[in-house]
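Topology and contacts: notes
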Amino acid sequence: MREMITLLSRLLIRDFKNTSDPAVRQAYGMLCGGAGIALNACLFLLKFIAGQVSGSIAITADAFNNLSDAGSSAITLVGFKMAGQKPDSAHPFGHGRIEYISGLLVSVIILLMGAELLKSSAGKVLHPEAVDASPLVFAILIISICVKMYMYLYNRSVSRKIDSAAMMATARDSISDSVSTMVVLLTTLLSFWTDVHIDGWCGILVALFVLWTGYGAMKDTVSPLLGQPPEPEFVDKIEEIIIGYKDQGVLGLHDLVVHNYGPGRVMLSVHVEVPSNGDILALHDMIDLIEHRLARELNCSAVIHMDPVCVDDEETNRMKEKVAKIIGSLEGKVNFHDFRMVHGPTHTNLIFDVAVPYDYPMTDGELVSCIQNKIYGLDENCHAVIDVDKECR
């Protein structure tokens, strides 16, 4: 079913297997957008003719639904074209998020079509009409279902290949259209063979399905626009690369932040712990190597902050172990980092950060007070100065 798009991609897209390349992603998006415009325009003409021949409002409405799909494909095509533009002075991080905006526009169109279909279906419930269909009408509807299923399959396939929310929104639109046309076909057959006219009620069910599809597509495109946590697999790869330099001085990492400015335009920052008594030039050279490797293997721009950690002070290490036991006794997943001791004339400050999930059952204030009380119970001369970080996973 997807051989046409596969063949066209091989013929028209240079290096078509390298889907991590922004230029290749753009080419795939424009190819699918162009195919969508052509197929939906043909379906509109065929269904419009079938609607006029049969006198069916449902078929005519379904035809204009395909016309709106052609517009959606045009939006997707323009979105990928604009998203592929190079960064400039006004948009130094590129234009990749335009792809998400185009997916959002497609979702809005799906919701509008669902609302319009719900309205027209309610009218048909109140005022049912007989449908005068012919074998030509049935053939057009069957062809439409097959074409829409084909469009769903190739849009879904390309979406997974290039990791595109906009393409997945288009795929969901195609499957909802296929179901919609299938219901129109069944109700047309029922009206043709019997005196039962339930196309209005079936139209309402289809409209609700279309609205649900639009909601799901909008949710998938709004999330990256608002900012969402990185995929766990992506975080695992980052940690694997950085911890791989443990023998060269890496002690740990924390405060990982990933900014997504569109597919292929990912920026990340992370704190990497290194021994405070190490060779600063050698450690800096190692950090540079890690940044370049992250950029090369994960196709991202990486900035690493080097955190010196005291590793040769017995008192600091002893207190750190005690704090680690306190943190380990807490409910849920809690980590700590950046531990250091600052001695004063009246007391000693234990300064560190704790990292907790967003859904941690305790508030930040409650957590800090709990840890401070436990540390004070160990040594009244030790005061804990704690900052709370949030972990995305």
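Residues numbered from 1 in each chain as written. Predicted model: local features only at pLDDT ≥ 70, side-chain atom pairs only at ≥ 80, totals over all residues. Heavy atoms only, no water.

In this section: helix α11 (residues 364–378). With 15 residues, α11 ought to run about 21 Å at 1.5 Å a step, and its terminal C-alpha atoms sit 22 Å apart, in line with that. All of the buried residues along α11 are L367, V368, I371 and I375. Across the axial projection of α11, the buried residues extend over an arc of 95°, all falling on one side. Residues N373 and G377 are exposed on α11 and point more than 90 degrees away from its buried face. Taken together, the buried residues of α11 touch α10 (314–328), β5 (348–357) and β6 (382–391). (Helix = DSSP H or I, 4+ residues; strand = E, 2+ residues; numbered from the N terminus. Expected span 1.5 Å × (residues − 1). Buried < 20%, exposed > 50% of the residue type's maximum accessible area, 1.4 Å probe, protein only. Arc of directions from axis to C-beta. Contact = heavy atoms within 4.5 Å.)

Another point: the packing of aromatic side chains. Considering all chains together, one arrives at five aromatic pairs under this definition. Note on F44 and F48: the rings are 5.9 Å apart at their centroids and 35° apart in plane angle, and the pair reads as tilted. Here F44 and its partner F48 are both found in helix α2 (residues 22–54), four residues apart, which amounts to about one turn of the helix. For F44, a relative accessible area of 15% corresponds to the buried category. Through a chain of ring-to-ring contacts, three or more aromatic side chains come together here, namely F336, F339 and F352. (Phe/Tyr/Trp six-rings, centres within 6.5 Å; stacked < 30°, edge-to-face > 60°.)

Moving on: the packing of α10 against α11. Orientation of α10 relative to α11, taken along the N-to-C sense of each, is 135°, at an axis distance of 10 Å. Put simply, α10 runs oblique to α11. Crossing angle aside, the handedness with which α10 passes α11 is right-handed. Contacts between α10 and α11 involve K322, V323, I326 and I327 from the first element and I371, K374, I375 and L378 from the second. Considered class by class, the residues forming the contact of α10 with α11 number six nonpolar, no polar and two charged. (Axes fitted to C-alpha atoms, helices over the stretch in contact; angles between N-to-C directions. Parallel < 35°, antiparallel > 145°, perpendicular 65-115°, else oblique. Left-handed = near helix turned anticlockwise from the far one by under 90°. Nonpolar A, V, L, I, M, F, W, Y, C, P; charged D, E, K, R; others polar.)

Attention shifts here to the environment of V210. Along the chain, the position of V210 falls in helix α7 (residues 199–226). On the basis of relative accessibility, which here comes to 6%, the residue V210 falls in the buried class. Linking V210 and A115, residues 95 residues apart in sequence, is a C-alpha distance of 8.6 Å. Among residues more than four places away in sequence, those in contact with V210 are I110, G114 and S176.

On to helix α6 (residues 165–193). Across its 29 residues, α6 extends 42 Å between first and last C-alpha, which sits within 8% of the 42 Å expected from 1.5 Å per residue. Burial of α6 is extensive: 21 of the 29 residues sit out of reach of the surface.

Attention now goes to the side chain of T348. Looking at the secondary structure, you find T348 in strand β5. Residues contacting T348, with those up to four places away along its chain left out, are M341, V342, H343, N381, C382 and H383.

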